[in-house]
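# A look at the structure
What follows is each chain in one-letter form.
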Amino acid sequence: MNAVLLGLVLGGVFGAAARAGQFCLLRGMKGVMAGGDLSAIRAFALALAVAICATQVLNLWGGTDLAAALPMRDRFSWVGMLAGGAIFGIGMVLANACGARSLVLAAGGNMRSVLVLLCLGLAAQASLTGVLAPLRGWVASTGQIRPAAASLPQLFPTIEPQLAVALVAGPLALVLVWFALPLCRRHPLQAACAAIIGLAVAGGWWITHVTDDPFDPRVLTSISFIGPMGDGMLWLMLSTGRALNFGVAVVAGTALGALAVALLSRDFRPESFGSATQMQRAMAGGVLMGFGGVLALGCSIGQGLSGVSTLSLASLVAFSGILAGIAVGLVVIRS
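Residues numbered from 1 in each chain as written. Predicted model: local features only at pLDDT ≥ 70, side-chain atom pairs only at ≥ 80, totals over all residues. Heavy atoms only, no water.

Looking now at the packing of aromatic side chains. Aromatic rings in a pair are described by how distant their centres are and how their planes are angled relative to each other. Summed over all chains, the structure comprises three aromatic pairs. Between the aromatic rings of Phe23 and Phe44, the centroid separation amounts to 5.6 Å while the plane-to-plane angle is 20°, which identifies the pairing as stacked. In this pair, Phe23 sits in the loop between helix 1 (3–20) and helix 2 (25–34) while Phe44 sits in helix 3 (residues 39–60), placing the two residues 21 residues apart along the sequence. The two residues Phe23 and Phe44 agree in class, both being buried. Members of the aromatic cluster, each reached through a chain of ring pairs, are Phe23, Phe44 and Phe319. Its end group placed over the ring of Phe179, Arg42 keeps NZ or CZ at 4.7 Å from the ring centre. (Phe/Tyr/Trp six-rings, centres within 6.5 Å; stacked < 30°, edge-to-face > 60°. Helix = DSSP H or I, 4+ residues; strand = E, 2+ residues; numbered from the N terminus. Buried < 20%, exposed > 50% of the residue type's maximum accessible area, 1.4 Å probe, protein only. Lys NZ or Arg CZ within 6 Å of the ring centre and 35° of its normal.)

What follows is the structure in structure tokens.
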């Protein structure tokens with residue numbers, strides 16, 4: 001199987017569902033903080049519940065190997081994960097969208113999001129291999145811990161692994177589904193799109209598992225946007241010397257899927273900046289998301305959905321930082 005082609009298709013499904021369902025964690029957090037509409041946060045909860053259940057069942061059936069997944073770290077920096085997540089969350093507020101949402105909006109004609117993506121991609125690559133790499137490495141070397149387990153089910157070593165997964169994932173998914181039930185009744189299309197996004201996350205774990213080369217094994221990944229956006233920008237400039245990979249294909253597929261929905265729904269509208277301040281915030285938000293996302297090893301999708309679907313402790317720390325960063329940003333930064 002071809003990981004790039006499958007990644008392109010998977011990204012197309014994700015992008016189409018995210019555009020049609022207006023999937024956005026930031027919008028959900030705004031509803032929570034303001035005590036307003038909770039439909040967006042209920043959609044995220046439903047996507048997370050489906051992602052957890054589908055990923056864990058897939059792993060138990062041998063359809064993937066979460067032990068080899070990127071979020072499953074037996075050693076990590078809690079400072080780096082928490083701080084990186086918080087920086088990313090604040091960047092989301094400044095840019096008024098996460099990386100994935102910016103990509104979906106850009107596919108619909110939003111030029112502000114294009115600038116966010118350019119700044120995000122540059123900052124991500126600078127944090128991976130460029131001028132920001134020493135700073136990122138220094139923060140990531142602080143607060144290194146080696147927890148007793150890499151994931152929540154592994155905290156119960158005396159229990160059968162399958163039972164431990166059921167005892168952890170089952171109640172968590174039930175609470176998330178219970179919270180999302182009003183969305184299913186009132187906005188079935190939005191709920192269906194959220195469920196598709198959750199299944200797409202599990203699909204990413206399956207694709208990177210079945211396309212892995214046993215003679216050159218790779219760390220398994222699923223849908224994520226920070227590192228792949230940096231890689232994508234580098235590929236655009238150096239394509240003759242670099243091969244496409246699954247992550248870059250997912251980014252490209254997401255843009256194509258969102259564009260298709262925007263055109264079919266006649267929702268494609270070119271939009272630009274309303275002021276210089278708005279442009280400055282967009283640029284700052286993109287840079288913060290690029291650096292913070294690399295430091296936290298993922299974004300609101302890469303850690304918030306894909307990472308948490310593995311029940312990884314490191315992902316839970318990073319996602320907590322993202323939520324805290326969004327909350328702080330919404331309080332401190334005026335729209």
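So, next bit.
Turning next to the pattern of salt bridges. As enumerated under the stated definition, the model contains four salt bridges in all. The partner of Asp267 in a salt bridge is Arg269, with the nearest N and O atoms 2.9 Å apart. Note on Asp267: relative accessible area 26%, which makes it partly exposed. Residue Arg269 is classed as partly exposed on the basis of its relative accessible area, which comes to 47%. One network of salt bridges, in which partners are shared, links Arg19, Asp267 and Arg269. (Salt bridge = Lys/Arg side-chain N within 4 Å of Asp/Glu carboxyl O.)

What follows concerns a nonpolar patch on the surface. Taken together, the side chains of Leu5, Leu8, Val9, Val13, Ile196 and Leu256 define a hydrophobic patch exposed on the protein surface, amounting to about 500 Å² of accessible area. When residues of the nonpolar patch are assigned to their parent elements, the largest contribution, four residues, is made by helix 1. In this structure, Val13 sits in helix 1. Val13 gets classed as partly exposed once you look at its relative accessible area, which sits at 38%. (Patch = residues over 30% accessible without salt bridge, like charges linked within 9 Å, V, L, I, M, F, W, Y side chains within 5 Å. Areas by Shrake-Rupley, 256 points an atom, 1.4 Å probe, with all protein chains shown as cover.)

Purely geometric stuff here, so don't read any function into it on its own.
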